Amino acid sequence: MLAAGVPVGIGTDGEKENNNFDMFEEMKVASLLGKLKDLDAAALDSWQVLRMATITGARAIGLDHEIGSIEAGKRADIIAVRTDTPRMTPLFGEGPYFNLQHNLVHAVRGGDVAMTMVDGQILVEDGILKTADLGAIIARIHDITPGHFARRADFLAQNAGGAVQWTQKTD
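Residues numbered from 1 in each chain as written. Predicted model: local features only at pLDDT ≥ 70, side-chain atom pairs only at ≥ 80, totals over all residues. Heavy atoms only, no water.

A closer look at the pattern of salt bridges
Applicable threshold: The working definition used for a salt bridge is a side-chain nitrogen of Lys or Arg within 4 Å of a carboxyl oxygen of Asp or Glu. For helices the rule is a DSSP run of H or I covering at least 4 residues; for strands it is a run of E covering at least 2, with both sets numbered from the N terminus onward.
In this structure the tally under the stated criterion is seven salt bridges. Its salt-bridge partner being Asp-64, residue Arg-59 comes within 3.7 Å of it at the nearest N-O pair. Between Asp-119 and Arg-75 there is a salt bridge whose closest N-O contact spans 3.7 Å. In this pair, Asp-119 sits in the loop between β2 (113-118) and β3 (121-125) while Arg-75 sits in the loop between α4 (55-60) and β1 (78-81), placing the two residues 44 residues apart along the sequence. Each of Arg-75, Asp-77 and Asp-119 takes part in one network of salt bridges that share partners.

Here you go:
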């Protein structure tokens, strides 16, 4: 798809599919799968993967005029990644050994994000959620989850062969 000029994005599809929302893990997996597919260690390089997670991903969903890059007039959606961790070591910010893109794609984990800003508002700083009570959110999830699982069990019992939209042909 990339070779054909199709904008390809990377994202997380939900907790129940792969047990996390870590974009860094998704970038690493995408990079490794690209290398495996072509049996080429240089395939789907770190710069391509970072673009898929940012501007090309935004283009893929038709929002590149709002998000995906840091430009005047676009939403200020930014993260700051800690660079003083073993995973970011060594880090060369310039010169022939410049490796920031490699570290971001292949070494960083979501827990290394020090700050998250969405639309110009800092939501998380130094690992602390600034806009809500995380304990209350977790407690609420624990309260409502049994109902979600019960509805899922009912759905699966009624649709043992899969959901209608997946099993019946439409014209």
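Section: the layout of surface pockets
Under the convention used in this document: In this analysis a 1.4 Å probe is tested at points of a 1 Å grid over the protein atoms alone, and where it fits but cannot get out there is a cavity; an open set with protein on both sides within 12 Å along at least five of seven lines is a pocket; lining residues have an atom within 4 Å of a point. Grid points are joined across faces, edges and corners, and a volume is the space filled by probe spheres set on the points. Here the nonpolar group is Ala, Val, Leu, Ile, Met, Phe, Trp, Tyr, Cys and Pro; Asp, Glu, Lys and Arg are the charged ones; every other residue, Gly included, is treated as polar.
There is about 1,800 Å³ of room inside the largest pocket. Per-element accounting of the lining of the largest pocket gives the leading share, eight residues, to helix α6 (residues 134-158). In this model, the second largest pocket occupies a volume close to 260 Å³. If you go around the second largest pocket, the residues you meet are Met-1, Leu-2, Val-8, Gly-34, Lys-37, Asp-38, Ala-43, Leu-44 and Met-52. No other element matches helix α2 (residues 23-38), which puts three residues into the lining of the second largest pocket. Each residue belonging to the lining of the second largest pocket can be placed in one class, and the counts come to six nonpolar, one polar and two charged.

Here's the deal with the packing of aromatic side chains
For the record, the criterion: Two rings belonging to Phe, Tyr or Trp (six-membered ring only in the last case) form a pair when the distance between their centres is within 6.5 Å. Interplanar angles under 30 degrees mark stacking, angles over 60 mark edge-to-face geometry, and anything in between is tilted. Between buried and exposed lies partly exposed: a residue is buried under 20% and exposed over 50% of the maximum accessible area for its type, with that area taken using a 1.4 Å probe on protein chains only.
The full count for this structure, using the stated rule, is two aromatic pairs. With a centroid separation of 6.3 Å and an interplanar angle of 5°, the aromatic rings of Trp-47 and Phe-98 are classed as stacked. Here Phe-98 lies in the loop between β1 and α5 (100-106) and Trp-47 lies in helix α3 (residues 46-53), a separation of 51 residues in the sequence. With a relative accessible area of 28%, Phe-98 lands in the partly exposed category. Ring centres of Phe-92 and Tyr-97 lie 6.0 Å apart, and the angle between their planes is 55°; on these two criteria the pair is classed as tilted. Since its relative accessible area comes to 38%, Phe-92 is described here as partly exposed. We classify Tyr-97 as exposed; its relative accessible area is 60%.

Some details on the packing of α2 against α3
Defined as follows: Only the stretch in contact is used when a helix axis is fitted, and all axes are lines through C-alpha atoms; the angle between N-to-C directions ranges over 0 to 180 degrees. An angle below 35 degrees is read as roughly parallel, one above 145 as roughly antiparallel, one from 65 to 115 as roughly perpendicular, and any other as oblique. It is the rotation of the near helix from the far one that decides the hand of a crossing: anticlockwise by less than a right angle makes it left-handed, clockwise makes it right-handed. Between two residues, a contact is recorded if the distance between any of their heavy atoms is within 4.5 Å.
Relative orientation of the contacting elements α2 and α3 amounts to 135°, with a least axis distance of 10 Å. When the interaxial angle is binned, α2 and α3 end up oblique. Relative to α3, α2 is oriented so that their crossing is right-handed. Residues Met-23, Met-27 and Ser-31 of α2 form the contact with α3, whose participating residues are Val-49, Leu-50 and Ala-53. Looking at side-chain class alone, the contact of α2 with α3 contains five nonpolar, one polar and no charged residues.

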